[in-house]
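# A look at the structure
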Amino acid sequence: MESMDKHYLTQLFQPESVVVFAGSADADADTAKLTPHAQALHAALRAQRYTGSLQFLDIHTTGTLAELAQAQADLAIIALPPQDVAAALEIAGRMTCRAALVISSGIGAEQAAEFKRIARREGMFLLGPNCLGLQRPRLQLNASAAGPLAADGPLALVSQSGALTTSMLDWASNNAVGFSSVVSLGPNTSVDIAQVLDFLANDAQTHSIIVYVEGIPNARRFMSALRMAANAKPVVVLKAGRKPAGNEAAQTHCGTIVGSDDVFDSALRRAGAVRVRSFVELFSAAKCLASRYRPVGKRLAIVTNGGGPGVLAADWINEISLRLGKLSAESIKALQPLLPPQASLHDLIDLSEEAGAEHYKAAIEAACRDAAIDGVLAIYSPKVGGDASAVARALADIKRSIGKPLLCCWMGDTSVQAARGLLNEASIPSFRTPEAAVGAFGNIASFYQNQLLLQQTPPPLSTLAKPDIEGARLVIESVLAERRKVLTEMESKTLLSAFHIPVTNTILARSANEAMMIATQLGFPVALKIASPDISHKSDVQGVVLNLPNGASVRDAYNDMMERVARLQPQARINGITVQKMAGAKRGREIYIGLVTDEPFGPVIVFGAGGTMIELINDRAMELPPLNQFLARRLIERSRVAETLGEWRGASAVDMDALEQLLLRVSEMVCELPQLREMDINPIIIDENGAVAVDARILIDNAPQALSGRSNHYNHLAILPYPARYEQVWPLRGGGEYIVRPIHPDDAQMLQDLVQHLSPESRYFRFVSSMVELPPSMLARFTLIDYDREMALVAVTKERVAGADGEISETERIVGVSRYITNPDQSSCEFSLLVADDFKGRGLGSRLMESIMDVAREKGLAEIQGLVLANNPSMLKLMGSLGFTVKPFEEDRDFKLVTHGL
């Protein structure tokens, strides 16, 4: 079924007929009276022959409505003064256009919303207003005011800036870079960046995507579209406005030291995309992606004919945390006899000044065969009597036969111009400096690292002992009922304890005598801390005293502190002073775990060095919740404090399991308590025996508005957790049982096995094609899904298999899948169903359908529909038994349309 359904934006990006409203319909008319956008559009559309049918209409001289109804088109392109756009949209609707593109600038939010209403009423998808349009070079369609049509190629460009789009196309035409699509989106556009990414993810002509972002209106939609796209093909993002951190009103350390730009970084990383920092870097990445390099590891070998440039490249490899790829002893032994006598191969592959084309060829082929090398950078410095073009030709010859990324840097200028041209034609990315080349390889490598993060789909709760969520919510509700937002230390620690995070025992004393008695019972040495809702940083008023050895010192310290705080902050309310036993770890390290709420990405977990040095050291690594063990480990590795956690300065290595569990517990808190806004757990003292939170400060507020517009318990998160709550166990007709649960990325191989073992008939009924297995992009799209927009439930059985050694082991097998995808109207969805041939007739089909309908109903959808081949009687019978209405499908009589209200 999914093989025949076209993407809902097909008519926008792949129209077969276009109607244009841009002033006068006459090609010879005076274009001087038109808007500048309309003039540019007329020129752009007429500069080449569009492959479909193209007609120009003038809204003031168009014929009667009856005539218009005859003239149909897929896409309407409108470049008119603002006051004429609405009329043109209505005419386009009468012409049954499914998509409209409005090219204009300076249209406000109110008017844009009006255009969107008209488009929705007429059943059209609207790209614009305030955009420079789109280009689809393969169709010879230039529906833009962004300059001449780009060359055809595998790259898609999506940009939120018109000026940037124009300069990029200009650069691309000089650098032999071609595009499958160019889309310019401005503010207030109706079809947004998430929908465009969704189309490009499914577009066969697009192999990689570059995105320029200025603002994100909806984080959940942006993240899910970006994850889908990056799961299917490489995505590189450049973001504007990298403003420095500094949230003035922040109440916690965490709030002050985390900039929204760092959060954007972690969001992109988690989505499996690559972030670049500059225009130049965007193009270097684009060059590498245009050469269709697959993502790889971090080891880059350098082949050079001059020591200097090679050393510069090697320095930069260290600088950006890549590794220098080195030949193995066997490779060196085989390669050495083929090279000039001065060549040295032990770190850099330095071929010496004598090197010619055949030496470069031999060295690059050797490096590509070596398992310890992930990519090769060839550097050529012009030499007297050397032939730069011959070396370039040799690389062009071997490029096709090597499977690893090959990048080039031809140093110099005039003498290597011709050689650079040859490299461009062979689509070998070439750079003017060694640093730029190494940086570009770094992007390919980080893409591979980020793909591992993308595959993680953790549930909201870990497998650790269940927290007391109800108890934690009661604490929060009572604080909010008192109109407070800052929790006391006692309340904060109670919240942590509810999630099984170990805390130091803290007791509030209201007099010096009480403090002395509490201290004696807890055992010395103790620490005293001022307890006041008005003092956020206790050290500012010297409100902390440590290591008090006996009762007398506690009594004196209590009186001194009360007197001092009253003097320094007379207006502060003081509840008393808390007493706690000093944490005993002599060689413990101080770390910090925090939470900050970002606009637009919601809650983010922060990890780094703790103690009073926190703002000075500025060590912060971040990750978006929910976390699992893999993500927690990666988060720790990215921090600077990580290197002190192993054996360090004579202290034993800390208990890493305890640290990972702590992060998983914080992730659970963030998922289950949407009221959390900021949190500092600092310091946490950790050693080889475990971890304990010494102090915590938490800021709360009423639960935020939904990020996705639909009601759901995890609406405050940018990434929806794995919906573990839909797991159920059912008995099998004829004995045994099976589990129904949502799909996750690790199911890819089991899903492939299911498809490979289907009978040809079952395969045809489900995919309306005779494919024997799912292609990688389809498999990726079916297993890493956006649980907000779609759901796939798998039926899993356990089978006992005898191994070669006679051992019996249990393996899982997927024996059925049901899924739905929400339609663009957001109120109905389309389903599909597949059951393994040897499990038919055992009740799986109806159970999977009922379960998927329950999920769709819970999401607030009103109707579920699907297409079934008319010659598939068993499926039609199942649909009838489930109460579906079965009707002929008007557009294609081979199918029946089945629908059911939810």
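Residues numbered from 1 in each chain as written. Predicted model: local features only at pLDDT ≥ 70, side-chain atom pairs only at ≥ 80, totals over all residues. Heavy atoms only, no water.

## Considering the overall build of the chain
When you go through the chain residue by residue, the secondary structure sums to 29 helices and 36 strands. Whereas a compact globule of 902 residues would reach a radius of gyration of roughly 29 Å, the chain reaches 32 Å, a difference of no more than 12%. Over its C-alpha atoms, taken along the principal directions, the chain stretches across nearly 100 × 80 × 75 Å. Taken over 902 residues, the chain has a buried fraction of 56%. At a minimum sequence separation of 6, the contacts of the chain that also span at least 24 residues come to 71%. Where the 87 positive side-chain charges of the chain centre and where its 100 negative ones centre are 1 Å apart. (Helix = DSSP H or I, 4+ residues; strand = E, 2+ residues; numbered from the N terminus. Rg over C-alpha atoms; globule rule 2.2 N^0.38 Å. Buried < 20%, exposed > 50% of the residue type's maximum accessible area, 1.4 Å probe, protein only. Contact = heavy atoms within 4.5 Å. Lys, Arg positive; Asp, Glu negative; His and termini not counted. Charge placed at Lys NZ, Arg CZ, Asp CG, Glu CD.)

## Quick notes on the environment of Thr488
Inspection of the secondary structure puts Thr488 in the loop between α18 (469-481) and α19 (489-498). Considered as a pair, Thr488 and Ala691 are 203 residues apart in the sequence and their alpha carbons are 22 Å apart.

## Digging into the packing of helix α23 (residues 629-638) against helix α24 (residues 656-672)
Following both chains from N to C, one finds α23 and α24 inclined at 110°, their axes separated by 9 Å at the closest point. Taken together, α23 and α24 sit at an angle that is classed as roughly perpendicular. Two secondary-structure elements touch here, α23 through Gln629, Ala632, Arg633, Leu635 and Ile636 and α24 through Met656, Leu659, Glu660, Leu663 and Leu664. Residues of the contact of α23 with α24, tallied by class, amount to seven nonpolar, one polar and two charged. (Axes fitted to C-alpha atoms, helices over the stretch in contact; angles between N-to-C directions. Parallel < 35°, antiparallel > 145°, perpendicular 65-115°, else oblique. Nonpolar A, V, L, I, M, F, W, Y, C, P; charged D, E, K, R; others polar.)

## Some words on the packing of helix α25 (residues 748-756) against helix α27 (residues 776-783)
Relative to each other, α25 and α27 sit at 115°, their axes nearing to 10 Å. The handedness of the crossing between α25 and α27 comes out as right-handed. Judged by residue contacts, Ala748, Leu751 and Gln752 of α25 engage Leu779, Phe782 and Thr783 from α27. Of the residues belonging to the contact of α25 with α27, the class tally is four nonpolar, two polar and no charged. (Left-handed = near helix turned anticlockwise from the far one by under 90°.)

## So, the pattern of salt bridges
Overall, the coordinates contain 47 salt bridges when judged by the stated rule. Its salt-bridge partner being Lys538, residue Asp695 comes within 3.4 Å of it at the nearest N-O pair. Of this pair, Asp695 sits in the loop between β27 (690-693) and β28 (696-700) while Lys538 sits in the loop between β20 (526-531) and β21 (544-548); the two residues are 157 residues apart in sequence, bridging distant segments of the chain. Among the residues examined, Lys538 registers a relative accessible area of 17% and is labelled buried. Linking Glu668 and Arg665 is a salt bridge whose minimum nitrogen-to-oxygen distance equals 2.8 Å. (Salt bridge = Lys/Arg side-chain N within 4 Å of Asp/Glu carboxyl O.)

## A short note on the pairing of strand β23 (residues 589-598)
Within β23, eight of the 10 residues are buried, which leaves it mostly tucked inside the rest of the structure. Pairing of β23 with strand β26 (residues 676-687), which is carried by six bridges, proceeds in the antiparallel orientation. Residue Ile593 lies in a different strand from β26, and its bridge partner there is Ile681. Note: β23 against strand β24 (residues 602-609), eight bridges, orientation antiparallel. Residue pairing in the sheet places Ile591 in a bridge with Ala609 of β24. Two successive antiparallel strands, β23 and β24, enclose a turn made up of three residues. (Pairing = 2+ DSSP bridges.)

## With respect to the sheet that holds strand β30 (residues 737-742)
Here eight strands make up an open sheet; going across it, the order is β29-β30-β31-β32-β33-β34-β36-β35 and the pairing mixed. Taken across any chain shown, the strands that pair with only one partner, and hence form the sheet edges, are β29 (728-731) and β35 (885-888). Strand-to-strand twist of the sheet, defined as the mean angle between neighbouring strand axes without regard to direction, takes the value 30°. With seven bridges connecting them, strand β32 (residues 808-822) and strand β33 (residues 828-835) associate as antiparallel partners.

## Structural notes on the packing of aromatic side chains
Throughout the structure, instances matching the rule amount to eight aromatic pairs. Judged by centre distance (4.5 Å) and plane angle (20°), the ring pair of Phe13 and Phe199 falls under stacked. Within this pair, whereas Phe13 is found in helix α1 (residues 10-13), its partner Phe199 is found in helix α7 (residues 193-201), the two being separated by 186 residues in sequence. As far as burial versus exposure is concerned, Phe13 and Phe199 are alike and both buried. Ring geometry for Tyr360 and Trp410: centres 6.5 Å apart, planes at 45°, overall tilted. Here the residue Tyr360 occupies a position in helix α14 (residues 357-369), and Trp410 occupies one in strand β17 (residues 406-410), the gap between them amounting to 50 residues. The exposure class assigned to Tyr360 is buried, which follows from its relative accessible area of 0%. Ring pairing ties together the aromatic residues Tyr360, Tyr380 and Trp410, which thus form one cluster. The residue whose ring lies beneath Arg847 is Trp730, and the NZ or CZ to ring-centre distance is 3.6 Å. (Phe/Tyr/Trp six-rings, centres within 6.5 Å; stacked < 30°, edge-to-face > 60°. Lys NZ or Arg CZ within 6 Å of the ring centre and 35° of its normal.)

## Section: the sheet that holds strand β4 (residues 99-103)
The five strands lie next to each other as β2-β1-β3-β4-β5, forming an open sheet whose pairing is parallel. The open sheet has two edge strands with one neighbour each: β2 (53-57) and β5 (125-131). For this sheet, the mean inter-axis angle between neighbouring strands, taken without regard to orientation, is 15°. Sheet analysis places strand β1 (residues 17-21) next to strand β3 (residues 75-78), joined by four bridges and oriented parallel. Counterpart to Val20 in the pairing with β3 is Ile77. Sheet strands touched by helix α2 (residues 36-46): β1, β2, β3 and β4. Its angle to β2, the strand with the most contacts, is close to 155°. The sheet contacts of helix α4 (residues 82-94) involve β1, β3, β4 and β5, and relative to β3 the element is tilted by about 165°.

## Some details on the state of the cysteines
Summed over the entire model, instances satisfying the criterion amount to zero disulfides. Cys131 provides the cysteine sulfur closest to Cys97, a residue in no disulfide bond, and the two sulfurs are 16 Å apart. (Disulfide = S-S within 2.5 Å.)

## Some points on the confidence of the model for the chain
As a note on interpretation, predicted positions should not be read in detail where pLDDT is low. On average, residues of the chain score 88 in pLDDT, and 93% of them reach the 70 mark or higher. Counted against residues more than four places away or in other chains, residues 707-711, with its pLDDT under 50, gives 15 contacts. (pLDDT = per-residue confidence, 0-100.)

## Topic: the pairing of β17
Counting buried residues along β17, five of its five residues qualify, which places the element largely inside the surrounding structure. On β17, burial covers both faces: Leu406, Cys408 and Trp410 on one face and Leu407 and Cys409 on the other are all buried. Both strand β16 (residues 375-380) and β17 contribute to a ladder of five bridges, which runs parallel. What sits directly across from Tyr380, in β17, is Trp410.

## Observations concerning the environment of Val772
Residue position: Val772 is located in the loop between α26 (760-767) and α27. On the basis of relative accessibility, which here comes to 55%, the residue Val772 falls in the exposed class. Linking Val772 and Met679, residues 93 residues apart in sequence, is a C-alpha distance of 52 Å. With near-sequence residues (within four places) excluded, Val772 lies in contact with Val755, Gln756 and Arg763.

## Side note on helix α6 (residues 162-174)
Counted at 1.5 Å a residue, the expected span for α6 with its 13 residues is 18 Å, and the 19 Å between its end C-alpha atoms agrees. By the burial criterion, the buried members of α6 are Leu164, Thr165, Met168, Leu169 and Ala172. Projection of α6 onto a plane perpendicular to its axis shows the buried side chains occupying an angular sector of 135°, all on one side. In α6, those exposed residues whose orientation departs by more than 90 degrees from the buried face are Ala163, Asp170, Ser173 and Asn174. The N-cap residue of α6 is Ser161: its side-chain oxygen and the backbone nitrogen of Ala163 are 3.5 Å apart. Ala176 sits one or two residues past α6 and shows a positive phi near 55°. (Expected span 1.5 Å × (residues − 1). Arc of directions from axis to C-beta. Polar contact = N/O pair within 3.5 Å; in protein donor to acceptor, adjacent residues only side chain to side chain.)

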